[in-house]
Every structure is written in C-alpha cells, then in structure tokens.
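# Chains, contacts and geometry: an overview
If you want the building blocks of each chain, they are given just below.
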Amino acid sequence: LALRAALLARSAAGAADADRAWEAAAAADPRETDARVALARHRLAHGDAAGAVAATEPVAASAAKDPALAAVRVRALAGAGRALDALSLADRALAAAPADAALSLAKAGALEGAGRIEDAAALYRSVADKRPAAWEPRLALGRIALTRRQLDVAAAELAAAAERAPRVGAVHAALGELRLARGDTAGAEGAYRQALAVEPECAAAETGLARIALARGDGAAARARLERALALDPRDAEGYLAFGSLLWTAGDLGGAEKALLAAVELEPRNATALVRLGAVKLERGDVDGAVQRLTVATGEAPRLAEAQQWLGRALLAKGETPAAVSRLRRAVELDPASVDYHLHLGAALERANALDEALEAYRAGAQADPTRPEPHERIALLFAGNGRCDAAVPAYQKAIAVSPRLARLRVGLGDCELRIGKAEEAAKVFREVLRADPKAVPVLYRLGRALHEAEGERAALPWYERAAREEKDNPMPHYYLGYLYKERGEKRRAVESFKAFLAMKPDADERKDIEAEIEDLGGTVGPP
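In what follows, the accompanying structure is described. Predicted, not measured: the structure shown is a model, and the values here were computed from it.

## Some details on the overall build of the protein chain
- In terms of regular secondary structure, the protein chain is built from 31 helices and zero strands.
- Relative to a compact globule of 528 residues, whose C-alpha radius of gyration would be 24 Å, the protein chain shows 33 Å and is clearly more extended.
- The principal-axis extent of the C-alpha atoms belonging to the protein chain is close to 105 × 45 × 40 Å.
- Here the protein chain holds 528 residues, and the buried ones make up 48% of them.
- Put simply, of all contacts in the protein chain between residues at least 6 apart along the chain, 44% involve residues at least 24 apart.
- Surface accessibility of the protein chain: about 25,500 Å² in total, with carbon and sulfur atoms responsible for 50%.
- Side-chain charges of the protein chain comprise 74 positive and 76 negative groups, with the mean position of each set lying 3 Å from the other.

Shown next, in the form of structure tokens:
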C-alpha cells in the first residue's frame with residue numbers, strides 16, 4: 001500500500017488516490033510510523049497542514065523519540081499555526097537527537113514561520129556548516145537573503161544549493177526569483193523553465209513564469225500558469241498574491257479580494273499581499289477594512305512607499321485628512337520618482353485647503369515625469385476651480401503639448417478660454433476637438449456658446465439645435481434655444497424648448513423666470 005501511494009504521489013493527478021493509499025497503509029499497522037510520516041509529508045506538500053497534523057496525531061506521544069516523525073510533525077504544527085507546539089516538540093526531539101539535520105531544519109522552518117528570522121537563519125547556517133553537502137539550508141538562507149534584498153548573499157547561497165541539488169525544481173525557481181530581482185527577465189525565465197524541466201510540477205516556477213507573462217501584458221498566459229501553480233500547491237502564497245494582482249488589474253475585485261485574502265492567511269506578515277488586499281478593499285468601498293490591512297502593512301514594512309500611499313488614500317476616503325496627508329508625504333519621500341504619489345498628495349492637500357502646497361505637489365509630479373499630462377491637468381483644474389482661468393490656460397497648454405490626442409484637455413482649455421472672454425479662441429479649440437472626433441457630443445453645446453459670444457445668434461443656433469438632439473442629459477441647449485426661438489418669433493418652438501429645460505432641470509434657479517416666459521408666449525406650465 002505504501003509503495004502504491006508513493007507511485008501515485010509522483011503526479012498531482014494521483015494525489016488524492018495517494019492520500020487514500022497511505023491512509024490504508026497506516027490503518028493496516030497502527031503501530032508503524034513510516035506510512036504516517038509519508039502521509040503527513042504528502043499532505044504538507046499539497047498545502048494541508050491540518051491534515052498532516054491529523055495524520056501524525058495517533059502516534060504523537062512517541063514523536064519526541066522518533067526524529068523522522070518529529071520533523072514532519074513540527075512542520076505540520078507550524079504550518080497549522082501552532083508555532084509554540086511546534087517549537088516545543090522540536091526542542092524535546094533535538095534533546096534526544098541533537099545531530100539530526102532534518103529536525104534542525106524543521107525547527108528553523110518553524111522559527112521562520114513565527115517571524116523569528118534571525119534565529120531561523122542562525123540555525124540554517126549551523127546545519128549548513130555541519131552538513132556541507134546539504135542543499136536545503138543553502139536554499140533557505142538564499143530565500144531569506146532575497147527577502148532582505150541582499151542579492152549578493154542570495155546569489156552565493158543559491159549557487160551553492162544548485163551545485164548540490166541540480167535536479168531540485170525549488171532551487172532553480174529561487175534562482176529565477178534572484179534574477180528577476182536583478183532585472184534579468186530572460187535569465188529568470190530560463191531558470192524557471194529549467195525548474196520545470198527537472199520537476200514538471202514545480203508550482204513556484206509556474207508562478208514565476210506567470211509574473212513574467214503578466215509583465216509582458218499576456219494576461220491569458222499568466223492566468224493559466226497561476227491556476228496550474230495553485231492547483232499544484234494550494235499553499236503558494238506568492239501564487240495567490242500574483243493571481244489576486246492579476247484579477248485586480250482585470251477589474252475582478254471580488255476574485256482579487258478572495259485570492260489576496262488567501263495569500264495573507266498563508267503569510268500574515270507579507271506586506272505586499274496586505275497592501276494589495278487593502279487596496280482592493282478600498283476600491284470595493286470597505287474603507288475600514290482597507291485601513292486595517294494597510295496599517296498592518298506599514299507596520300510590517302515602514303519603508304514600503306506603496307503601503308504608505310494606499311494607507312493615505314484610505315484615510316482620505318475615511319475623512320481623516322491630516323493623517324492622510326502625513327502618509328502621502330511619507331510615500332513621496334520614499335519614492336519621489338512616482339508621479340502618482342505626488343498627484344494623490346496634491347489631492348489630499350486640496351481637501352485640506354492647502355492649495356499652495358497642493359500646487360507644489362503637482363509641480364513636483366510634472367518634474368518627476370515630464371511625459372505625463374496629469375500633473376499639468378491637475379494644476380489647470382486647481383486654478384480653474386478657484387476662478388483663475390487665466391493661469392489655468394497655460395497649464396492646459398502644457399498638458400496638451402505632452403498628450404495632444406487627449407480630448408478632455410482641449411475641452412478644459414476651451415472652457416477656460418470661454419470663461420475669460422476669449423470666445424473666438426474657445427470656438428477654435430472646440431472645432432479642433434470635433435475634427436479629431438466628430439462624435440464628441442459634449443463639445444456641441446460648448447461650441448454653440450462660444451459662437452454665440454463670438455459671432456452671434458445665427459452662428460450658434462444650429463449647434464444648440466444639434467446639442468439639444470444629441471446631448472440627452474444637458475438642459476442648457478434648450479434654455480438658449482428657448483430665447484433664440486422667442487427672438488425669431490417662433491413661439492411654439494420657444495415654449496417647447498423652455499418646457500424641455502424645466503423637465504430636465506426642475507430645481508433650476510431660473511424656474512420662475514422661465515415659467516413667466518412660457519406664459520408670456522401663450523403656453524401653459526407643465527410637461528413639454
């Protein structure tokens with residue numbers, strides 16, 4: 001039975017049958033521990049730490065005197081969140097077998113899972129020194145160095161691991177992580193493919209290739225690889241993180257939240273997973289949940305600019321403006337090259353009515369990346385919103401120079417030109433928008449107003465009429481048409497236009513005046 005289980009376990013497709021075969025082997029001889037150890041290892045490999053604990057429970061009393069059983073039970077207890085029990089068993093077992101490397105590695109893994117990274121690293125180093133041929137401690141030390149961004153240290157440890165275990169997929173997958181961290185995408189892809197060549201069911205390699213596909217814009221390939229990775233290893237926190245990020249980018253906020261929550265449950269101190277979960281919660285409207293997760297993230301990684309930025313945005317959404325400004329300032333300090341961070345800081349400062357400081361934030365954003373139009377647009381909107389269209393015009397012109405095909409910038413420029421009395425210039429701008437996009441409906445009324453002021457009623461009339469037909473939610477064309485038709489003696493059409501205006505804007509300040517116009521024209525106030 002045990003042999004059959006071992007054969008079945010060689011592929012993911014046989015995992016469930018292997019589990020049942022090992023259970024049967026354990027039942028056939030309840031006093032024998034080898035089958036239970038194998039069953040626990042199998043369950044751990046497939047993300048079922050609680051199941052691994054259950055597999056070893058009937059023989060737990062003898063675990064401290066059986067190094068192989070103790071090692072797998074320590075890993076199982078740690079994976080199930082029982083760190084204290086895991087470390088207690090490890091200490092008792094090591095007292096009986098102090099030279100057992102597997103036990104030491106299991107304890108080091110439990111220490112790492114409990115957040116005691118320095119203690120874990122020291123124990124991994126001790127095993128590596130005592131067992132020069134062992135690859136497992138080298139891989140673990142390499143991974144720890146990677147998380148600390150100690151890339152030279154990681155390279156040395158992982159090279160040693162690869163020399164000792166050239167046919168272990170996890171080692172090549174870790175080399176892929178190292179090369180990605182160094183910006184060597186081609187090298188990383190080669191390492192991940194080598195991992196799959198030696199171990200076709202290496203989940204970490206699938207996750208790494210998915211990240212590369214995502215960076216290249218191939219969402220379909222990334223999703224397929226991530227689904228395979230998570231099927232192979234349901235406890236792959238990085239896989240859930242990548243999958244959640246992919247779904248977030250695709251707009252599937254519900255799916256993204258579920259995947260990112262799984263990543264956080266597996267690695268509660270993973271700052272990136274916490275940040276993205278908080279960001280998704282914020283976008284789903286769960287502001288309190290977002291603040292909670294993002295606060296934890298900033299505690300875990302105080303120098304992670306992304307965490308500070310999202311926490312600032314969440315606090316702003318909660319109405320805690322001073323705290324939001326503080327966090328967003330910190331994000332800008334940590335990553336001054338990010339235009340988006342400057343923009344969000346500017347928005348928070350506007351909310352705090354610190355307009356001069358907001359203006360400086362937007363200007364800093366423009367300086368950080370001169371190819372982005374948004375900082376100039378924010379400057380223009382800030383001036384326009386405070387009655388300074390004369391200052392908004394040059395800002396819009398700078399934004400248009402950077403992004404000449406962005407229609408909303410020309411619309412904003414035309415609006416400002418019109419507000420400062422430059423109707424001819426405004427009309428020219430609106431015509432440019434329509435030439436680029438004849439279906440730019442929101443420009444029709446604006447062009448009518450500009451022509452009305454620049455050339456008179458005759459030039460404006462056809463544009464008001466077209467706007468009335470095509471801008472279904474804009475009452476203003478009907479307002480002006482009412483007066484123009486009245487001037488032309490077209491009473492019936494004037495009444496219809498005035499009634500249409502009131503129907504679309506029943507709470508208009510001009511309501512009494514319009515009702516008086518309708519009555520003067522011989523109409524009755526009511527539906528158009």
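## Comments concerning the environment of glutamate 136
- With respect to the helices and strands, glutamate 136 occurs in helix α9 (residues 136-147).
- Residue glutamate 136 is classed as partly exposed on the basis of its relative accessible area of 34%.
- Sequence spacing of glutamate 136 and alanine 170 is 34 residues, and the spatial spacing of their C-alpha atoms is 9.9 Å.

## Section: the layout of surface pockets
- Each pocket or cavity is described by its volume, and for the second largest pocket that value is around 160 Å³.
- Taken together, Leu94, Pro98, Ala99, Asp100, Ala101, Ser104, Lys107, Leu123, Ser126, Val127, Lys130 and Arg131 make up the full set of residues lining the second largest pocket.
- For the lining of the second largest pocket, the elements supplying multiple residues, two or more each, are α7 (101-113) and α8 (117-130).
- When grouped by side-chain class, the residues that make up the lining of the second largest pocket number six nonpolar, two polar and four charged.

## With respect to the packing of aromatic side chains
- Scanning all chains against the criterion turns up eight aromatic pairs.
- Residues tyrosine 445 and tyrosine 464 carry aromatic rings whose centres are separated by 6.1 Å and whose planes lie at 35° to one another, so their mutual orientation is tilted. With tyrosine 445 in helix α27 (residues 442-454) and tyrosine 464 in helix α28 (residues 457-470), this residue pair connects regions lying 19 residues apart in the sequence.
- Consider the rings of tyrosine 464 and tyrosine 480, whose centres lie 5.4 Å apart with planes at 5°: the pair is stacked.

Calculation rules
- Residues numbered from 1 in each chain as written.
- Predicted model: local features only at pLDDT ≥ 70, side-chain atom pairs only at ≥ 80, totals over all residues.
- Heavy atoms only, no water.
- Helix = DSSP H or I, 4+ residues; strand = E, 2+ residues; numbered from the N terminus.
- Rg over C-alpha atoms; globule rule 2.2 N^0.38 Å.
- Buried < 20%, exposed > 50% of the residue type's maximum accessible area, 1.4 Å probe, protein only.
- Contact = heavy atoms within 4.5 Å.
- Areas by Shrake-Rupley, 256 points an atom, 1.4 Å probe, with all protein chains shown as cover.
- Lys, Arg positive; Asp, Glu negative; His and termini not counted.
- Charge placed at Lys NZ, Arg CZ, Asp CG, Glu CD.
- 1 Å grid on protein atoms, 1.4 Å probe; cavity = no way out; pocket = protein on both sides within 12 Å on 5 of 7 lines; lining within 4 Å.
- Points joined across faces, edges and corners; volume = space filled by probe spheres on them.
- Nonpolar A, V, L, I, M, F, W, Y, C, P; charged D, E, K, R; others polar.
- Phe/Tyr/Trp six-rings, centres within 6.5 Å; stacked < 30°, edge-to-face > 60°.

Any functional reading would require information that these geometric values do not contain.
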